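Survey of secondary and tertiary structure
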Amino acid sequence: MAGKEAPPAPAAPPSDRKARGARVWEEAQNPPKRVRGSEVEEQPRKLPKRKIVLLMAYSGKGYHGMQGVSAAGQVVSLKVWLIDGLLDKINSHLPSHIRVLGLKRVTGGFNSKNRCDARTYFYMLPTFAFAHKDRDVQDETYRLSAETLQQVNRLLACYKGTHNFHNFTSQKGPREPSARRYVLEMYCEPPFEREGLEFAVIKVKGQSFMMHQIRKMVGLVVAIVKGYAPESVLERSWGEEKVDVPKAPGLGLVLERVHFETYNQRFGGDGLHEPLDWAQEEAQVAAFKEQHIYPTIISTERHERSMAQWLSTLPVHDFSATALAASAAADPSSMDGSDQDTD
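Residues numbered from 1 in each chain as written. Predicted model: local features only at pLDDT ≥ 70, side-chain atom pairs only at ≥ 80, totals over all residues. Heavy atoms only, no water.

Going by an unreviewed UniProt entry, the protein carries the name Pseudouridine synthase 1 and comes from Cavia porcellus.

Here's what the structure looks like:
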């Protein structure tokens, strides 16, 4: 009848709604072709992202992040579109002291932090750090003797194995399981000269390291070699009592390599993925160290004298044994600390 609204159309059956929903989904996934003149033009489709890892190197001077030290072989995982010339495009937006050196495809669930089996750091220092305490604190004429190098390596080898490193970090109690860390190797390489000053590189490989652990490991050995602390302090530092362990400057600490042995054994030879060993990039890594990391450490040491200033503080450290604080002994919970695992 005139003046009355038409009755609403009956609701579409569920099957029709599903069909219409499917058509909408297909249209969204496959956008319609556009007509340009007499030609039919396909709309571009987005490429799927792939999981990759990037091998990165950066000088810590003027850079903050990712553990706060320089790196010659940091590895990060992410998803990207694998476009042509990806590495060159990334590096074109970076300063010269931050470089992406390599790229590899990895499994979809790969996580560079969680899959890591071990890390290798090196600590570069002027060899006058090992001169006896009776000599000048910054004697640039000092040269490391074969006998002293042998002593240094004998002491560094004591760190190998599993020990309680609660004295080598802050806010870790002696009874915390996370204070126990496994060191695979630690040694000092033969010295070399740069700009009239002799340097040496200490390398350490471990499953994981706590905040300041490596710097304190180096600092305690330096204190022993210089004659400020007895060798027995090493053994005491792994016990429950509190030991005063000096922390070497952060300048010379560099992340050299991240190890993925378990991943390589499982996926490195499956025919689909490459092993994460970066053998082809070693020349680039060595060149980056020579061009950016070593010069930064050397020039900063010469201008800021960080090692010489730190060495002058060693006499104020008390390396004699001290008993656990009475309050801590009475209340074991007060010895709990942070669970941050990084250096």
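The discussion continues.
There is a patch of nonpolar side chains on the surface, built from Leu47, Trp81 and Ile83 and spanning about 300 Å² of accessible area. Secondary-structure assignment places tryptophan 81 in the loop between strand 4 (70-80) and helix 2 (86-91). (Patch = residues over 30% accessible without salt bridge, like charges linked within 9 Å, V, L, I, M, F, W, Y side chains within 5 Å. Areas by Shrake-Rupley, 256 points an atom, 1.4 Å probe, with all protein chains shown as cover. Salt bridge = Lys/Arg side-chain N within 4 Å of Asp/Glu carboxyl O. Helix = DSSP H or I, 4+ residues; strand = E, 2+ residues; numbered from the N terminus.)

What follows is about the environment of phenylalanine 110. Inspection of the secondary structure puts phenylalanine 110 in the loop between strand 5 (98-105) and strand 6 (118-126). For the pair phenylalanine 110 and isoleucine 52, spaced 58 residues apart in the sequence, the C-alpha separation amounts to 8.5 Å. In this view, phenylalanine 110 contacts Lys51, Val53, Ser77, Arg115, Phe260, Tyr263 and Leu276; residues no more than four positions away in its chain are not counted. (Contact = heavy atoms within 4.5 Å.)

As a further point, take the pattern of salt bridges. Scanning the entire structure with this criterion turns up 15 salt bridges. Between arginine 302 and glutamate 140 there is a salt bridge whose closest N-O contact spans 3.3 Å. Of this pair, arginine 302 sits in helix 7 (residues 282-304) while glutamate 140 sits in the loop between strand 6 and helix 3 (146-157), placing them 162 residues apart in sequence. By relative accessible area, which is 31% here, arginine 302 ends up partly exposed. (Buried < 20%, exposed > 50% of the residue type's maximum accessible area, 1.4 Å probe, protein only.)

The next subject is unusual backbone geometry. Despite not being glycine, histidine 212 shows a phi value in the positive range, around 70°. What makes histidine 212 partly exposed here is its relative accessible area of 22%. With a phi close to 55°, tryptophan 278 is a non-glycine residue in the positive phi region. Along the chain, tryptophan 278 falls in the loop between helix 6 (261-267) and helix 7.

Before going further, it helps to spend a moment on helix 7. Side chains of residues three or four places apart in an α-helix project in the same direction, reflecting 3.6 residues per turn. Across its 23 residues, helix 7 extends 31 Å between first and last C-alpha, which sits within 8% of the 33 Å expected from 1.5 Å per residue. Along helix 7, the sharpest kink reaches roughly 40°, centred on lysine 289. Listed as buried for helix 7 are Val285, Phe288, Lys289, His292, Ile293, Tyr294, Thr296, Ile297, Ile298, Thr300 and Glu301. Following helix 7 by one or two positions, arginine 305 adopts a phi angle in the positive range, close to 50°. (Expected span 1.5 Å × (residues − 1). Bend = angle between axes of the 7 residues up to and from the residue.)

Among the nonpolar cores identified, the biggest contains 86 residues, and Leu125, Phe130, Tyr159, Ile202, Leu220 and Val222 are the most heavily contacted of them. In terms of residues, this core owes the most to one element, helix 4 (residues 213-226), which gives nine residues. Ignoring anything within four residues of it in the chain, the contact list for phenylalanine 130 reads Leu125, Tyr142, Leu144, Thr148, Val152, Ile202, Val222, Val225 and Lys226. (Core = buried A, V, L, I, M, F, W, Y, C linked by side-chain atoms within 4.5 Å.)

Within the structure shown, the criterion is met by 10 aromatic pairs. Each ring, one from phenylalanine 110 and one from phenylalanine 260, has its centre 5.5 Å from the other, and the planes form 55°; the classification is tilted. Residue phenylalanine 110 is found in the loop between strand 5 and strand 6, and its partner phenylalanine 260 is found in the loop between strand 11 (253-259) and helix 6; the two are separated by 150 residues along the sequence. Across the pair, phenylalanine 260 and phenylalanine 110 agree in class, each one buried. Members of the aromatic cluster, connected to one another through ring pairs, are Phe110, Phe260, Tyr263 and Phe267. In this arrangement the basic side chain of lysine 104 is found over the ring face of tryptophan 278, its NZ or CZ atom lying 5.1 Å from the centre. (Phe/Tyr/Trp six-rings, centres within 6.5 Å; stacked < 30°, edge-to-face > 60°. Lys NZ or Arg CZ within 6 Å of the ring centre and 35° of its normal.)

It is worth spelling out the pairing of strand 11 at this point. The buried fraction of strand 11 is high, at six of seven residues. Sheet topology places strand 4 next to strand 11; two bridges connect them, and they run parallel. For alanine 71, the partnering residue across the bridge sits in strand 11 and is leucine 255. (Pairing = 2+ DSSP bridges.)

Looking now at the side chain of histidine 259. By the secondary structure assignment, histidine 259 is in strand 11. One polar contact links histidine 259 to threonine 120, side chain to side chain, over a distance of 2.7 Å. Filtering out sequence-adjacent residues up to four positions away, histidine 259 remains in contact with Arg115, Cys116, Asp117, Ala118, Arg119, Thr120 and Lys205. (Polar contact = N/O pair within 3.5 Å; in protein donor to acceptor, adjacent residues only side chain to side chain.)

With that settled, consider helix 3. The end-to-end C-alpha separation of helix 3 is 16 Å, in line with the 16 Å expected for 12 residues at 1.5 Å each. Turning to helix 3, its buried residues are Thr148, Leu149, Val152, Leu155 and Leu156. Along helix 3, the residues classed as buried sweep out an arc of 125° about the axis, all on the same side. Seen from the buried face of helix 3, the exposed residues on the opposite side, beyond 90 degrees, are Ala146, Glu147 and Gln150. Those residues of helix 3 that are buried are in contact with strand 8 (180-188), strand 10 (197-206), helix 4 and helix 5 (232-237). (Arc of directions from axis to C-beta.)

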